[in-house]
Amino acid sequence: MHRKLSVIALALLVALALANAAVAQSTTATLRGTVNDESGNVFPGATIRATNTANGFTHTATSTNEGNFLLGGLPPGTYRLEVSAPSYKQSARDVTLLVGQSVEVSFRLNPDLVLMEEVTVLGSTPIETETSEIGTNVTTQQIENLPQNDRNFLNFAQLAPGVLLGNDEMRKEIKAGAQSSSATNVFIDGVSFKNDVLQGGVVGQDASRGNPFPQNAVQEFRVITQNYSAEYQKASSAIITAVTKSGANELTGDAFIFYQDRSLVDENPLNGANPEYERTQYGVSVGGPIQRDRMHFFVSYEANDQDREETVALGGAFQNNQALRAELAQYTGTFSQPFRSDLAFGKLSFQPTGSQLLDFSANYRKETDIRGFGGTTSRASAENAKNDVYGGTARHQFTATTWLNELSASYQKFKWNPTALDMNSVGLEYEGLLRIGGRDTEQDIGQERLSFRNDTTFANLNWHGTHTLKAGGNADFLDYTVRKLFVENPVYYFRQDLGSTIPYKARFGLGDPDLSANNEQFGLYVQDDWSATNNLTLNLGVRWDYETNMFDTDYETPADVRARLADQFPANYFTDGNDREPKSDMFAPRLGFSYDVFANGRTVVFGGAGRYYDRNLFNNTLDERFRLQHAVGDFFFSPNGDPGTVKWDPRYLTRAGLEELRASGVTGKPEVFLVENDTEVPYSNQWNLGVRHSLGPIVASLSYANIRSYHGFSYLWGQGFCCPQYDPAYSQVLVSSDDIRTWYDAIYLQLDRPFTESSRYGFNVAYTYSDAEQVGGDLFSLDLPTIADWPRYGTPGTQDHRIVASGIVGLPLGIRASTLIQYSSGDKFRIHDRTLGFCPTCYRPATGESPSWTTVDLRLDKGFHFGPTEIGVVLEAFNLFNEERYQYFNDFLGPEGNPNLGKPTAIVGGSQRRYQFGLRFGF
């Protein structure tokens, strides 16, 4: 059945591709408006021409019989806008358009002059006010000039109200709306970078200290947290849509290098002196013409080389065994921990005719990270965490008088592959002393995505006003690679009270590690932007998504599991391979409006409501298959073969020896995971209301946001509390639930003045007040019998009050200064309250909150000009006043209390004061 629906969805997408179409706003901007004569009457037949001042590409439109025109599909940039008509004098003006903008421009033709009116402009940049979206544009000037410690362009998403950065330096992620980072979606040149398999939201961001894309290739991006169009898929919290740089008619380029080491970083206030550390970031980009006004190229490269040190030392156990301690001392010392990252991007842009645009692009990311050792874990037990992402995109745009079309095809491959440095030497864990030998586990996880997309718009349709009707869709074909070699290199455990001669336990995994699968995703949408009156615009949309294999559709519950457990759990937890349907009910309607109070674009009331579907990560549901087909067993030993143990024999200190034991039936009991067949897709319902007003060059907005998310996925103990023994064959049974919910209410206040070369300054201020709560934990909610038993508590990681302010100012002597200031009333964390004891319903999650914190980042850039070239010297300071941001892991409150509750145990990675020096070169 699902294959038939797949064919139908693909056929509909092809039909849309053959229809008259328009470019998606996800990567472009739109100019629309009217042309009137000197008496205010509509003026048909006027020619409106927009020429990109950098590359010479042209776009034209003709005003209709109603005087309307539309210039859609405009790549962000600066355009010379010309309006001409017979017997009227031509007029021109430069206008800079940002990604996602839809700007209304009206013209009045006098016999000797064409006047632009009814648009608010700062310098050459129109300020968009008439939109129902809550969106924030991050400009080229901000990306290139604001202080930035690690060159991850997504860090600037925090300039948007309601957006939070993750505080884990090994997972650089963004969050919004009290939901996890997996509920976001990032588009670069219209291509989704969604991670379907692992956490982090973006491919390559789970368990990595690297960046998703070269920052010097990103021109600008837009963050949308409310009322985004139906064209965007697979997100229930926030959307980020970025566009890359292109070549121009002039050959230009830049290069940079930034340096930071231990001497430039303040000591960790909790751990004292920092270990050795050195980081060099460097890169280059070049763009220019192949044929002026027709074909251009752009290429970029960035590298991030880091070297830090980790110390391995003996723990305090086995004090009475000095011979062992002396033997293991050879594994101690300080060892290098190198990280290397390479990012590259290339694009070719071509305008073969005045009505067509073509571009081809490719991106590449490669990382290696030697990690997983330090403390009482030897370097021999380390892994090399390899992380690769690469892809390519081809896009074609065709422009006609009243319509235009964009069709794209993209391929993307992601591979996360932590590989053991040594997978041959068995692991030896002397508990409390040292762990030596090779690493026990390797993983190979990734996804390949082949995606086709088309977007369709009919412009200037007249029926009780003017309609811009857009329809489109996507078809994605995915291969998921998942191989988990859990504990395939056995580990032997020695305990101080039992001595170091015989291990008391071994852990060993064996079986089929391959969990790979295929998936298909289809989406269709219709969006009508209806200018009902001069004051009122309605945005009406609906989206439908269909996915064939989100929840392991073909999985069959093993016969022995069904036979042993079927009488203890509902039938909905067991499947014969035909009980799980593809997800086909993801209909997402939405409505937005903007009301221009005085019909001049300066004061606008806006709002909207809608449903937004996300998806469940493929890796979240795999344990029901994996724990049975690749079981990890515990083997217990004793000198004499005491009850429940095996008599020790030296041959068991090998993989072959444990395989022999396993074949004889001596092994640990596997876990059983049961997933509900009717598990629902996570989604959020949202509504908002706000007002936006332009105060000259400053746009101010105030809005209220309401988000309720449903069907978060989690696991519970099958019996309801702690380690049930349903059957002697299994160690425990866990069952799934899709009942996690979140509640998010927020007030957003934003002031924005874009930087321009003429004004020499710009700023952005975003204040967020939020009240965020949830029921349930994360992927495992094991503390209470059901999600319904959880009380509502503050969502960890959220903040009641948050201010993010940025500013750029041009100073005398060629100096440019910029700052990024953050204030938080404190980070929330969960307190595990067991003051009532350990009964099944005694647990109560409570909300803790760290002290408030403020950070001030500063950048000074001095440029030296030598003809057409410029050399810049850069000094950056991060957390200038050294106000650390703490993390709290003393979060357990037992029946006898906890004197350490609320005491900080770590600082957020990299939050202590640090400096950075750099050089840049441009021509």
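About the thresholds
Residues numbered from 1 in each chain as written. Predicted model: local features only at pLDDT ≥ 70, side-chain atom pairs only at ≥ 80, totals over all residues. Heavy atoms only, no water. Helix = DSSP H or I, 4+ residues; strand = E, 2+ residues; numbered from the N terminus. Rg over C-alpha atoms; globule rule 2.2 N^0.38 Å. Buried < 20%, exposed > 50% of the residue type's maximum accessible area, 1.4 Å probe, protein only. Contact = heavy atoms within 4.5 Å. Areas by Shrake-Rupley, 256 points an atom, 1.4 Å probe, with all protein chains shown as cover. Lys, Arg positive; Asp, Glu negative; His and termini not counted. Charge placed at Lys NZ, Arg CZ, Asp CG, Glu CD. Pairing = 2+ DSSP bridges. Arc of directions from axis to C-beta. Salt bridge = Lys/Arg side-chain N within 4 Å of Asp/Glu carboxyl O. Disulfide = S-S within 2.5 Å. Core = buried A, V, L, I, M, F, W, Y, C linked by side-chain atoms within 4.5 Å. Phe/Tyr/Trp six-rings, centres within 6.5 Å; stacked < 30°, edge-to-face > 60°. Lys NZ or Arg CZ within 6 Å of the ring centre and 35° of its normal. Polar contact = N/O pair within 3.5 Å; in protein donor to acceptor, adjacent residues only side chain to side chain. Patch = residues over 30% accessible without salt bridge, like charges linked within 9 Å, V, L, I, M, F, W, Y side chains within 5 Å. pLDDT = per-residue confidence, 0-100.

Q: Can you tell me about the overall build of the protein, naming the residues and giving the values?
A: When you go through the protein residue by residue, the secondary structure sums to six helices and 52 strands. The C-alpha radius of gyration computed for the protein amounts to 30 Å, which stays within 12% of the reference 29 Å derived for 923 residues, consistent with globular compactness. A buried classification covers 57% of the 923 residues belonging to the protein. Put simply, 71% of the contacts in the protein that link residues at least 6 apart link residues at least 24 apart. If you sum the accessible surface of the protein, you get close to 35300 Å²; carbon and sulfur atoms cover 55% of it. Counting 78 positive and 107 negative side-chain charges, the protein places the averaged centre of each group 2 Å from the other.

Q: Which residues make up the sheet that holds strand β14 (residues 185-188), and what are the values?
A: Sheet architecture is open: five strands sit in the order β11-β16-β17-β14-β15, paired in mixed fashion. Each edge of the open sheet is held by one strand with a lone partner, namely β11 (134-138) and β15 (191-192). In terms of strand pairing, β14 meets β15 through two bridges, oriented antiparallel. Bridging across to β15, F187 finds its partner in S192.

Q: An account of the pairing of strand β27 (residues 442-462) is needed here, citing residue identities and associated values.
A: Along β27, 15 of the 21 residues are buried, which leaves the element largely enclosed by surrounding structure. Pairing of strand β24 (residues 403-420) with β27, which is carried by 14 bridges, proceeds in the antiparallel orientation. Bridge assignment links W416 to a residue of β27, and that residue is I445. With 19 bridges joining them, β27 and strand β28 (residues 466-485) adopt antiparallel strand pairing. Bridging from a neighbouring strand, N462 pairs with T466 of β28. The turn linking β27 back onto β28 is made up of three residues, and H464 within it adopts a positive phi angle of 50 degrees.

Q: How would you summarise helix α6 (residues 655-663) if you had to cite specific residues and measurements?
A: G657, L658 and L661 are the residues of α6 that are buried. Down the axis of α6, the smallest arc covering the buried residues is 95 degrees, so these residues share one side. Opposite the packed face of α6, turned more than 90 degrees from it, sit the exposed residues A656 and A663. For α6, the elements touching its buried residues are β29 (491-494), β30 (505-511), β35 (630-638) and β36 (646-647).

Q: Summarise the pattern of salt bridges; cite the residues concerned and give the values.
A: A full pass over the atoms with the stated rule returns 52 salt bridges. We note a salt bridge from E624 to R580, for which the minimum N-O separation is 2.7 Å. Within this pair, whereas E624 is found in helix α5 (residues 623-629), its partner R580 is found in the loop between α4 (559-565) and β33 (583-596), the two being separated by 44 residues in sequence. For R580, a relative accessible area of 4% gives the class buried.

Q: Describe the state of the cysteines, listing the residues and the values that go with them.
A: For the structure on display, the rule yields one disulfide. Disulfide pairing is shown between C839 and C842; the S-S distance is 1.8 Å. The chirality of the disulfide connecting C839 with C842 is right-handed, given an S-S dihedral of about 105 degrees.

Q: Can you lay out the sheet that holds strand β50 (residues 892-893) for me, pointing to particular residues and giving the numbers?
A: The three strands are arranged β46-β45-β50 in an open sheet whose pairing can be described as mixed. Both edges of this open sheet fall to β46 (844-849) and β50, since each of them pairs with a single strand only. Across two bridges, strand β45 (residues 828-833) lies against β50 in parallel orientation. Bridging from a neighbouring strand, H832 pairs with F892 of β50.

Q: Describe in detail the nonpolar core, supporting the description with residues and values.
A: Core analysis: the largest hydrophobic core is formed by 44 residues, its most contacted members being F153, F213, F221 and I240. Contributing elements (two or more residues each) for this core: β14, β16 (218-226), β17 (239-244), β24, β28 and β43 (801-811). Residues within four places of F153 in sequence aside, it is in contact with Q148, I188, P212, F213, Q215, V218, F221 and A242. Among the nonpolar cores identified, the runner-up in size contains 26 residues, and I370, I436, Y492 and F494 belong to it.

Q: Quick rundown of the packing of aromatic side chains? Include the residues and the values.
A: Following the criterion strictly, the structure yields 34 aromatic pairs and no others. Over the ring of Y493 we find K505, and its NZ or CZ is 4.7 Å from the ring centre.

Q: Would you mind going over the side chain of S770 in detail, with residue names and values included?
A: By the secondary structure assignment, S770 is in strand β41 (residues 761-775). A polar side-chain atom of S770 sits 2.7 Å from the main-chain carbonyl oxygen of Q799. The contact partners of S770, leaving out residues within four places of it in the chain, are Y744, D745, A746, Q799 and D800.

Q: Any chance you could break down unusual backbone geometry for me, citing the residues and the numbers?
A: Among all residues save glycine, negative phi is the norm, and among peptide bonds the norm is trans. In this structure, A178 takes a positive phi of about 60 degrees despite not being glycine. Mapped onto the fold, A178 is located in the loop between β13 (174-176) and β14. Positioned with a positive phi, H711 is a non-glycine residue whose angle comes to about 65 degrees. Mapping H711 onto the fold places it in strand β39 (residues 698-717). Among the residues examined, H711 registers a relative accessible area of 21% and is labelled partly exposed.

Q: I'd like to hear about a negative patch on the surface, residue by residue, with values.
A: On the surface, D554, E556, D576, D579 and E581 cluster together into a patch of negative charge. Along the polypeptide, E556 turns up in the loop between β32 (536-547) and α4.

Q: Give a detailed account of a nonpolar patch on the surface, specifying residues and quantitative values.
A: A surface patch of nonpolar side chains, amounting to about 780 Å² of accessible area, comprises L251, I257, F864, F866, I871, V873, L919, F921 and F923. Of all the secondary structure elements, the ones that give two or more residues to the nonpolar patch are β47 (853-866), β48 (869-878) and β52 (914-922). Relative to the assigned elements, L251 resides in the loop between β17 and β18 (252-261).

Q: Break down the confidence of the model for the protein for me, with residues and values.
A: Per-residue pLDDT for the protein averages 90, and the proportion of residues at 70 or more is 94%. Within the model, pLDDT remains below 50 along residues 1-24, and this stretch shows 62 contacts once partners closer than five positions in the same chain are excluded.

Q: Give a description of the pairing of strand β34 (residues 603-613) that names residues and reports values.
A: Summarising burial for β34: eight of the eleven residues are buried, a large majority. Both β33 and β34 contribute to a ladder of seven bridges, which runs antiparallel. Across the sheet, residue S594 finds its bridge partner in β34, namely F606. The turn linking β33 back onto β34 is made up of six residues, and A599 within it adopts a positive phi angle of 55 degrees.

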